[in-house]
Every structure is written in C-alpha cells, then in structure tokens.
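# Overview (structure and organization)
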Amino acid sequence: PGKPRWLLLSQLFQPLSLPVGSEGGWEGRPGEPTCRSQRLMLQGGLIHPASPGCFCYLPPTVRAMEKLIRVMDEEMQALGGQKLNLPSLSSAEPWRASGRWDQMGPELFRLVDRHNHSYCLGPTHEEVVTELVASQSNLSYKQLPLRLYQVTRKFRDEPKPRFGLLRSREFYMKDMYTFDASEEAARHTYDQVCDAYCRLFSRLGLPFVKVQAATGSIGGTTSHEFQLPADIGEDRLVLCPEGHFAANVETLNGEQTSCPTCGERLTKTKGIEVGHTFFLGTKYSSVSNAVFSSNENKPQLAQMGCYGLGVTRILAASIEVLSTEDSIRWPSLIAPYQLCFMPPKRGSKEEEEGVARLEQVYSHLAEALPHLADDSVLDDRTQLTIGKRLKDANKLGYPYVVIAGKRACEDPPVFEVWNQNAGEVLFLTKEGVTELLSKVQVP
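Residues numbered from 1 in each chain as written. Predicted model: local features only at pLDDT ≥ 70, side-chain atom pairs only at ≥ 80, totals over all residues. Heavy atoms only, no water.

### Quick word on the domain arrangement of the protein
The domain architecture assigned to the protein consists of domain 1 (36-322) and domain 2 (337-438). Taking only C-alpha atoms, the centre of domain 1 and the centre of domain 2 are 41 Å apart. (Domains from an automatic or database assignment.)

What follows is the structure, given as structure tokens:
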C-alpha cells in the first residue's frame, strides 16, 4: 500500500568486508581451506560462520535461496509434485529396519531423548516418507504416481567440513520421493525428473553435466549426478567430447579411456555435485510394506525413486563457476536484488537534481514493472564517490546498476546503466531504463 519505498543499502543487514585493492580479504579461520565462493560469500556479507560446517545465511542469501526454491517449485509442480514437510528429527526404528542406522556410520547425527529413545537428524528422508505412504492402508493404483517433495534442512556429520556451503554439516536440500504402480512407470518418472533437473540448470544458465553415478548409501539400481565442472570439485569425472558418455570415475571398472559409444578419447575433469537421482525399485517399500491395491484389487509394492537438489550448494557452486576472483556473479534469475540505484555524491553540484531524477526513474519503474521495485536497492552511501560504490556493486554482483551522474541533469535526463552480466554500459532515458529492464525475469 502507498508509494513504493527504496530499500537503503545502509539499512540492509549485509556486513561487508570487501577487500580494498589487492590486499585480499577474509580468508576463513586459521587452517580452514577456502575457495572462491566461500571467500566471496564471506566478504560480501552473504554468510557468517557459526561453527564448523554451520553458517548464518544473511538476508540477501535468503532472498536468493527463496528465488531458487520458487524455480524448483515451478519445475516440481509441473511434474505433478506435491510439497510436504517431513520432520528433521527421525526415530531410529525405520532406519534400523532399512539397515542404514549402521550403514551410515558416523555420518549420521544421533541423539537420545530423555526416555532413552534413539533418534537421528535426517540427512535424507527415504525411511520417513515410505513409512508415511505405507500408513495409507487404502492407497489405490488410481492415486499413483505419487510425487512428494520438500525443501528442508538436512544434517550430515562431515569429518572435514570445508569450502563454505559446498561441504557443510547443516544445509538445505530439495528432495522428491516418487511412488509408481510398475517398474516401467517408475522409470518414466525417473526420466521426467531428470529432464526437469536439466531444465532447471539451463534456466539458471549453469554449465552442468549429467553423469552416471554410484548408488552409495541410498541404494537402488540406477543413479545419475548433476555436476558443475570446477577445479575445486571433489568428484572426478570422465566425459566424451561428443556428449555420448559421462560418468563419475567411481562407477567405472578400472581405467576407462575411450567412449563406449564412439571410441573418442574421454576427457577428465572435476565437478561439484549439485543434484542426484536414484531409481530405488522396492528397496524401501518392501521394508515398510508400502503397498497399493492394483486394478485386480491385489496388494502390490510401490516402485520408488528419490531425487535430490542441494539448494545451498547450488547457490555456492553457481558463485564458484560464474564469478571472477574478486566479483560475485549470480545466475541472473536468482540474484538477491536485480537492481542497484546510485545517486550522486553528497555535496556534488548535481546532488539535488540527480536524486530527484533518480526518484522519477524508480517511480516510473515501480509503476511499469512493480515486481522489480521490490527487487531494487539504493546505495545511499553518498559520502563515497560513485566510482567507489560502483566497484562495490560490481563485487556484489547486482545484474543492473543505474547511476545518476552528470548527464542525469540534462534535458531529457540520461542515466548510466551497467549491465553486469553482459559487461556493457548503456546511456538511457528513464523510458529506456524501463524498456531494458522489462526483459528481466524474477521467479
């Protein structure tokens, strides 16, 4: 209600410790390995370390995360996904029944309540969701496929948490669990979810590869990882240059050097895993007796799949692969703020008129593109020169910066617009600014 109001950078809780010149900056705690995304996120006031592998996510990061989750929701709901929320605190019984209480080893955060009952903090939720579906005693084949997903905090007792949000002990994940009436239907679901993951990474503009993967502690018969190639990645990958074959080396028997399809020499790279899919069959449904009644009215075990996307890991990995050494670059779809407005320096001769003209641009934008008015921040640190603030804006990765410089006092006023991701500077009237920004997508 009422007139849209600027969000002032001076009031945004984003404690910056941006490096000046080549002095470097926050390098983490002594002895803690860092990588580009961790360093940039710490310097840019995006995360703050709370304890090893656990971070406070500051307001701009939460905004980026909420946008990313909205994009995930669009893709999952397009598949008929239904969103739910399962408890982080999980009783030990279903984990013991599946054999994973012992199999997961020290990676599982375990605790005992006052009644001496054992629990774990969920790193994943196959047991819990299968028990939930098994409890529906009158489930019919007509209600399948069932595609249930959540976005929630997960916990993993990492022996060596490192690289900020890339390998942490508490993190956010989107996990989907699917229940189908036949193996054929479940494999169709598997392909559909993999396609949705490919669409999601393409929409974010991320250079991903889908590779054959091991099933590990989750189990099942088929598995794929979605990887962002990066030097600091912890997974070793082999890729066919023609795109016929891609695998995590842990799935290969011995040293495979050529593509099984075309015979081309495989290239080696490292990757950051940002998504993982598993075809589970009846591994969990048989343990919990998750059955449905078939069209012959006979009880049949549901065929399952599970599918994970690392929400906080995608944020960090995208910064890792898109950014320069000293400047954050976000996938433009999920940048915390699309726009940074910059008034003239305090005390300059164009100060008063420049501020008034900038307000006119903002009002024009708020009327024409109201969704972008909420996605804008005003760098009101006018004691600093425009040059200094522009350097900071570049480091923080706003996709667009609109500056009221000397030409804002011309008739008609002309504004300097930096399109950071395209690396170009434009000089536009307020109508030109609105037209340029009309193409910007906000989920």
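That covers the picture; the talk isn't over yet.
### Focus: the UniProt feature "domain: Aminoacyl-transfer RNA synthetases class-II family profile" (unreviewed entry) in the protein
This chain's UniProt record puts "domain: Aminoacyl-transfer RNA synthetases class-II family profile" (unreviewed entry) on residues 66-331. Taken end to end, residues 66-331 comprises 27% helix and 31% strand; its first and last C-alpha atoms sit 14 Å apart. (UniProt positions renumbered as here; feature names shortened; annotations may be inferred. Helix = DSSP H or I, 4+ residues; strand = E, 2+ residues; numbered from the N terminus.)

### A word on the pairing of strand 11 (residues 235-239)
In the case of a regular strand, side chains alternate between the two sheet surfaces. Within strand 11, four of the five residues are buried, leaving the element largely enclosed by the surrounding structure. Summarising the sheet, strand 11 and strand 13 (residues 267-281) pair through five bridges and their orientation is antiparallel. By the bridge assignment for strand 13, Leu237 is matched with Thr269. Both strand 11 and strand 12 (residues 246-248) contribute to a ladder of three bridges, which runs antiparallel. Residue pairing across strands places Val238 opposite Ala247, the latter belonging to strand 12. Between strand 11 and strand 12, which pair antiparallel and follow one another directly, the connecting turn spans six residues, one of which, Gly243, has a positive phi of 85 degrees. (Buried < 20%, exposed > 50% of the residue type's maximum accessible area, 1.4 Å probe, protein only. Pairing = 2+ DSSP bridges.)

### A short note on helix 6 (residues 183-204)
For helix 6, built from 22 residues, the straight-helix expectation of 32 Å at 1.5 Å per residue is met to within 8% by its first-to-last C-alpha distance of 32 Å. Those residues of helix 6 that sit buried are Ala186, Thr189, Tyr190, Val193, Cys194, Ala196, Tyr197, Leu200, Phe201 and Leu204. Along helix 6, the residues classed as buried sweep out an arc of 155 degrees about the axis, all on the same side. (Expected span 1.5 Å × (residues − 1). Arc of directions from axis to C-beta.)

### Points about the environment of Gln360
Secondary-structure assignment places Gln360 in helix 9 (residues 351-368). Residues Gln360 and Lys430 lie 70 residues apart in sequence; the distance between their C-alpha atoms is 7.8 Å.

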